[in-house]
Amino acid sequence: MVSRCSCLGVQCLLLSLLLLAAWEVGSGQLHYSVYEEARHGTFVGRIAQDLGLELAELVPRLFRVASKTHGDLLEVNLQNGILFVNSRIDREELCGRSVECSIHLEVIVDRPLQVFHVDVEVKDINDNPPRFSVTEQKLSIPESRLLDSRFPLEGASDADVGENALLTYKLSPNEYFVLDIINKKDKDKFPVLVLRKLLDREENPQLKLLLTATDGGKPEFTGSVSLLILVLDANDNAPIFDRPVYEVKMYENQVNQTLVIRLNASDSDEGINKEMMYSFSSLVPPTIRRKFWINERTGEIKVNDAIDFEDSNTYEIHVDVTDKGNPPMVGHCTVLVELLDENDNSPEVIVTSLSLPVKEDAQVGTVIALISVSDHDSGANGQVTCSLTPHVPFKLVSTYKNYYSLVLDSALDRERVSAYELVVTARDGGSPPLWATASVSVEVADVNDNAPAFAQPEYTVFVKENNPPGCHIFTVSAWDADAQENALVSYSLVERRLGERSLSSYVSVHAESGKVYALQPLDHEELELLQFQVSARDAGVPPLGSNLTLQVFVLDENDNAPALLASPAGSAGGAVSELVLRSVGAGHVVAKVRAVDADSGYNAWLSYELQSAAVGARIPFRVGLYTGEISTTRALDEADSPRQRLLVLVKDHGEPSLTATATVLVSLVEGSQAPKASSRASVGVAPEVALVDVNVYLIIAICAVSSLLVLTLLLYTALRCSAAPTEGACGPVKPTLVCSSAVGSWSYSQQRRQRVCSGEGLPKADLMAFSPSLPPCPMVDVDGEDQSIGGDHSRKPRQPNPDWRYSASLRAGMHSSVHLEEAGILRAGPGGPDQQWPTVSSATPEPEAGEVSPPVGAGVNSNSWTFKYGPGNPKQSGPGELPDKFIIPGSPAIISIRQEPTNSQIDKSDFITFGKKEETKKKKKKKKGNKTQEKKEKGNSTTDNSDQ
């Protein structure tokens, strides 16, 4: 039964110990103990295991042990996590006479940052023997002293504590004195000699005794002092204090000369033996003598120096009073001065382990710094509370007693606040309270969380054409709210192709300054709008960027003078001869001056003025201001000169305006003389012109025949090589050929196309012309453009293809007239956008004939033509119709497009008709006369044009 009870008691004890250990670990503090003077390497505790840390993570997490003042006494083996003694530990050196002695350690690990507090109690061993301050104490005792007189002795001191410092005294055997022990308030003891037998100086003038002190340690240590007792004669009564021990309480920091106590002693003797003197005993150390002063006559003890509770809170003053007898007699007392604490010490704040700077994307709860506070005062004066600057994204978290962690309380934003000046305030509990502050500068490190931003997403720039190469046209600027490399913005073009050329061949952007340069002169006639994107990217990781759209409008300059077009009677720039019957009336159109201007807008708006060849001459002609038609102003009479030289000034409306001059030679003839005069004019005035006309006709004929031959071969090859699913089907096709010849360059393109179909053979969709004397022009791949045009009708029409050029021979043979119309229409196809252009129309004199008009906005350089029928254009081609005929400007060829009924023979010789537009056609009409009317022509019109 007894055994069972003992087992239960052991189990309860073990359970209590386990609960205590678990509570201590949970509170974040470990306690170990070690004896002083332990050898190097002595095991203290398994600190890593007790803290719950794995041995493998000690080195990566920078496991370290720190102590404010005793960092080298203990060390941790990072291999096994054992705390061991590193150097000699002397408890008396560390804590003096303090009962409790411990070493406080801070165990710090990183990733994440954690702090553990460990207290290692240093246990005392009996390594110090009792010691007396002197080797010999002398006592002068009159022989007249009575029995039971008491003579205090200086006790021994032991540097150890506890049982090791409990001293017992033993006096060597003698017949005169016995030893008595007096217990002091602080549990110390001091010995007193008690007289048990009267002294007789004559018998024993002096006595030698040995006082031995023994401590309570195991093993025991002893110390001894010799007592030399001198037996004095005479004075029978010694002064006596009214109390053997005086206790005084007073506040620290008293001013000098403050009264501590007034001692009172009395002597029963009379006369000089009654007069007394007060003095500090020889046992009083020099430090106390400096802080206190005693009046020899009155026995007043006063403050002589600063007394600080933090230096020592108690003072023990031994006072002797001596009479003036012979021999003098001495009385003894002890004054115990206890100091009371005042709130005279401000708290101290120490900031350590700063983790700076702090990234702005740091998570809430990140430890920024470790803060410790202390106050040397005691009680409420030493109780310290910490606070932080309000309204900041940080807070203080108490970890252990006066230890705090500064942690992140809310998200940071460097762009809003880049740095924080935190003030940690420590305030004690005194009255009035004292406080101390510590400043912590927390810099917020930038992360790349802001993309470069432009002031607006799109800019429009106007640049005049013919700019010098490398001209600065605009500067883009983006701002990044980040800092350092995250705010370094570089600019670049978002590359794309403009036709067959890349964007970088037109413009460039400086990577650092954002300046946009035009790398080549811009031509309004070639490119009206240049739209591109500039990208801005920062240098962060990963980089962030944004784009800006820049629209560069090329403004037209009046850099093209009006160009005269060739007429049947003369070449461009030369004199034109016309025969006019004198019988014509007023308003008869004599001739027409034709000119074009490659500019656009007002720069291409032409006006005509008639200038007199001779000053004061009476001219019966006038010229249409905008039509260029020269007509009679009145009926001609005999007074008019038979030869009229007319100078027509053609000028545009640009600033400054550019001009060209056309010369028209008008010969007035009688009706009977018209053929002869015409023949003479042809032979005498312009024989070279006739020769040129013949050559032009021959060249055009050869080109036409060659074109038909090559066209036939191509169609035959296409039929043999292609595997069309259905023959004779009509549908949209793609034009793939752009060609040039000796008489000019032109192209044909479509956005909405209809095949010209017949009953037999494959459908034909492209209009092609070839030159036998020139190499064939390269094929142009328009697949991508056709898909874009056919699939997205919402896009703006592209600028006219810059490949259209009028050759010299073409200008020499052009018979067209120039009309400035209010607007021409380029149609992109069904549902597509309409582009409004001022147009120059090439027309025939016949009212029924059609007009083929290029867009004036692109000047002469255009490949898009509009078919118009007659003055006012009453007839418009329907979706399935083709114009009966049209004229290539500057060429005498009249192209007819027909569709014969099924199984009919197509007369390919009539597909292209050659001849002068006016004279040849009139002759054909007269010859045919009453012939059977030609077969009706059918076809699908392909009037919609596309821009390349």
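Note that the structure is predicted; figures quoted are calculated from it, not measured.

Observations regarding the nonpolar core
Reasoning step 1: With 28 residues, the main nonpolar core has V476, Y491, V507, V516, L530 and F532 as its most contacted residues.
Reasoning step 2: Listing elements by their share of this core, those giving two or more residues are β33 (458-464), β34 (471-475), β36 (489-493), β39 (507-509), β40 (515-518), β41 (529-538) and β42 (545-555).

Describing the environment of Y400
Reasoning step 1: Mapped onto the elements, Y400 comes out in strand β28 (residues 394-400).
Reasoning step 2: As for Y400 and H117, which are separated by 283 residues in sequence, their C-alpha atoms are 7.5 Å apart.
Reasoning step 3: Polar side-chain contacts of Y400 include one of 3.4 Å to the side chain of K401.

Re the UniProt feature "transmembrane region" (unreviewed entry) in the protein chain
Reasoning step 1: UniProt annotation of "transmembrane region" (unreviewed entry) refers to residues 696-716 when read in the numbering used here.
Reasoning step 2: Between the first and last C-alpha atoms of residues 696-716 the distance is 30 Å; the span itself is 100% helix and 0% strand.

Points about the pattern of salt bridges
Reasoning step 1: Going through the model one piece at a time under the given rule, you end up with 19 salt bridges.
Reasoning step 2: Among the ionic pairs, E670 bridges to R582, the shortest N-O distance being 3.7 Å. In this pair, E670 is assigned in the loop between β51 (659-669) and α5 (674-685) and R582 in the loop between β44 (576-581) and β45 (589-592), connecting sequence segments 88 residues apart.
Reasoning step 3: Its relative accessible area of 12% is what places R582 among the buried residues.
Reasoning step 4: With a shortest N-O distance of 3.3 Å, E609 and K651 are connected by a salt bridge. Here the residue E609 occupies a position in strand β47 (residues 607-612), and K651 occupies one in strand β50 (residues 643-651), the gap between them amounting to 42 residues.
Reasoning step 5: Look at E609 and you get partly exposed, because its relative accessible area is 31%.
Reasoning step 6: Looking at K651, the relative accessible area reads 26%, which means it is partly exposed.
Reasoning step 7: Among the charged side chains, a salt-bridge network with shared partners connects E37, R88 and D90.

Regarding the sheet that holds strand β9 (residues 150-152)
Reasoning step 1: Taken in spatial order, the three strands make up an open sheet running β9-β12-β11, and their pairing is antiparallel. Sheet topology places β9 and β11 (177-183) at the edges, where each strand pairs with a single neighbour. When strand polarity is set aside, the average angle formed by the axes of neighbouring strands in this sheet is 35°.
Reasoning step 2: The pairing of β9 with strand β12 (residues 189-195) spans three bridges and is antiparallel. Residue P152 lies in a different strand from β12, and its bridge partner there is V192.

A look at the packing of aromatic side chains
Reasoning step 1: All told, the structure shown has nine aromatic pairs when counted by the stated rule.
Reasoning step 2: Taking the ring centre of Y506 as reference, the NZ or CZ of R501 above it sits at 4.5 Å.

So, the pairing of strand β22 (residues 314-323)
Reasoning step 1: The buried fraction of β22 amounts to seven of the ten residues, a majority that puts the element mostly inside the structure.
Reasoning step 2: As paired elements, strand β19 (residues 276-280) and β22 share five bridges and run antiparallel to each other. Its bridge partner being in β22, F280 is matched across the sheet by V319.
Reasoning step 3: When β22 meets strand β23 (residues 330-340), the two strands line up antiparallel, connected through nine bridges. Across the sheet, residue E316 finds its bridge partner in β23, namely L336.
Reasoning step 4: The hairpin turn running from β22 into β23, its antiparallel successor, is six residues long.

As for the state of the cysteines
Reasoning step 1: For the coordinates displayed, the defined rule picks out one disulfide.
Reasoning step 2: Here C95 engages in a disulfide with C101; their sulfurs sit 1.9 Å apart. Between C95 and C101, the S-S torsion sits near 70°, and that sign places the bridge as right-handed.

Some points on the sheet that holds β39
Reasoning step 1: Pairing in this open sheet of three strands is antiparallel, and the strands run β34-β40-β39 from one edge to the other. Each edge of the open sheet carries a strand with a single partner, namely β34 and β39. Across the sheet, the mean angle separating the axes of adjacent strands is 30° when strand polarity is ignored.

Points about the side chain of D160
Reasoning step 1: Within the secondary structure, D160 sits in the loop between β9 and β10 (168-171).
Reasoning step 2: Buried charged residue D160 carries no salt bridge. Nearest counter-charge: R91, at 6.8 Å.
Reasoning step 3: Here N128 takes part through its side chain, which lies 2.8 Å from a polar atom of the side chain of D160.
Reasoning step 4: Ignoring anything within four residues of it in the chain, the contact list for D160 reads E36, E92, R97, D124, I125, N126, D127, N128 and A165.

The rules behind these values
- Residues numbered from 1 in each chain as written.
- Predicted model: local features only at pLDDT ≥ 70, side-chain atom pairs only at ≥ 80, totals over all residues.
- Heavy atoms only, no water.
- Core = buried A, V, L, I, M, F, W, Y, C linked by side-chain atoms within 4.5 Å.
- Buried < 20%, exposed > 50% of the residue type's maximum accessible area, 1.4 Å probe, protein only.
- Helix = DSSP H or I, 4+ residues; strand = E, 2+ residues; numbered from the N terminus.
- Polar contact = N/O pair within 3.5 Å; in protein donor to acceptor, adjacent residues only side chain to side chain.
- UniProt positions renumbered as here; feature names shortened; annotations may be inferred.
- Salt bridge = Lys/Arg side-chain N within 4 Å of Asp/Glu carboxyl O.
- Pairing = 2+ DSSP bridges.
- Axes fitted to C-alpha atoms, helices over the stretch in contact; angles between N-to-C directions.
- Phe/Tyr/Trp six-rings, centres within 6.5 Å; stacked < 30°, edge-to-face > 60°.
- Lys NZ or Arg CZ within 6 Å of the ring centre and 35° of its normal.
- Disulfide = S-S within 2.5 Å.
- Lys, Arg positive; Asp, Glu negative; His and termini not counted.
- Contact = heavy atoms within 4.5 Å.

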